[in-house]
Amino acid sequence: MVRLILVLSILMAPALHAAQDPTAPLGWYKKKSSNTTKVRTYPLPTLQSIVCDDGSQCFAMLNDKILSNGQSVAGYEVRSITAERVVLARAGKIWQLELFNSDVRQ
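What you are looking at is a predicted structure, and each value in this text was computed from that prediction instead of being measured.

Here is what the cut-offs are and how they apply
- Residues numbered from 1 in each chain as written.
- Predicted model: local features only at pLDDT ≥ 70, side-chain atom pairs only at ≥ 80, totals over all residues.
- Heavy atoms only, no water.
- Phe/Tyr/Trp six-rings, centres within 6.5 Å; stacked < 30°, edge-to-face > 60°.
- Helix = DSSP H or I, 4+ residues; strand = E, 2+ residues; numbered from the N terminus.
- Buried < 20%, exposed > 50% of the residue type's maximum accessible area, 1.4 Å probe, protein only.
- Pairing = 2+ DSSP bridges.

J.: Even after reading the chapter, I still don't get the packing of aromatic side chains, so can you show me in this structure?
T.: Geometrically, a pair of aromatic rings is defined through the distance of the ring centres and the angle of the planes. With the rule as written, the count across this model stands at one aromatic pair. Taking 5.2 Å as the distance between ring centres and 80 degrees as the angle between the ring planes, the aromatic pair formed by Y76 and W95 counts as edge-to-face. Taken together, the positions of Y76 in strand 5 (residues 76-81) and W95 in strand 7 (residues 93-98) put the pair 19 residues apart, joining distant regions of the chain. The buried category is assigned to Y76, whose relative accessible area is 3%. Among the residues examined, W95 registers a relative accessible area of 26% and is labelled partly exposed.

Take a look at the structure:
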């Protein structure tokens, strides 16, 4: 009988093991590992300057790179460059970068 109780206690020991760390703070639960993917964010490039020639051709300096229409920087595609702004696109979203803040207070 003692052997039977000993064998059952050995077999049941893993099931009786604490499901949570008894020394953990109250309300804290160990995160279950999941197969969720993290969404990666890409920082918006910094517009440093815009230069236009006598024609209507404009170039922009973004993140220390000189770019024209159709080129890309940091995963963003340059859609258009005007003397006032640069339009960037990535993953179906569009950003308009301007050199100067439009809220000028006097």
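J.: Help me out: how do you make sense of the sheet that holds strand 4 (residues 72-73) in this one?
T.: By definition, the strands of a sheet pair up through backbone hydrogen bonds, in either a parallel or an antiparallel sense. The four strands are arranged 4-5-6-7 in an open sheet whose pairing can be described as antiparallel. The open sheet has two edge strands with one neighbour each: strand 4 and strand 7. Relative to strand 7, strand 6 (residues 85-90) runs antiparallel, the two being bridged by six bridges. Along strand 7, the bridge assignment pairs R85 with E98.

J.: Would you mind showing me how to read the pairing of strand 1 (residues 47-52) here?
T.: In the case of a regular strand, side chains alternate between the two sheet surfaces. Note: strand 1 against strand 2 (residues 58-62), five bridges, orientation antiparallel. Residue pairing in the sheet places S49 in a bridge with M61 of strand 2. The antiparallel hairpin formed by strand 1 and strand 2 contains five residues in its connecting segment.

J.: What's the story with unusual backbone geometry in this structure? I'm lost.
T.: Where the residue is not glycine, phi is negative for most of them; where a peptide bond is considered, it is trans in most cases. Positive phi is not limited to glycine here, since A74 has a value of about 50 degrees. Topologically, A74 is positioned in the loop between strand 4 and strand 5. Phi is positive for A91, which is not a glycine, with a value near 55 degrees. If you trace the backbone, A91 turns up in the loop between strand 6 and strand 7.

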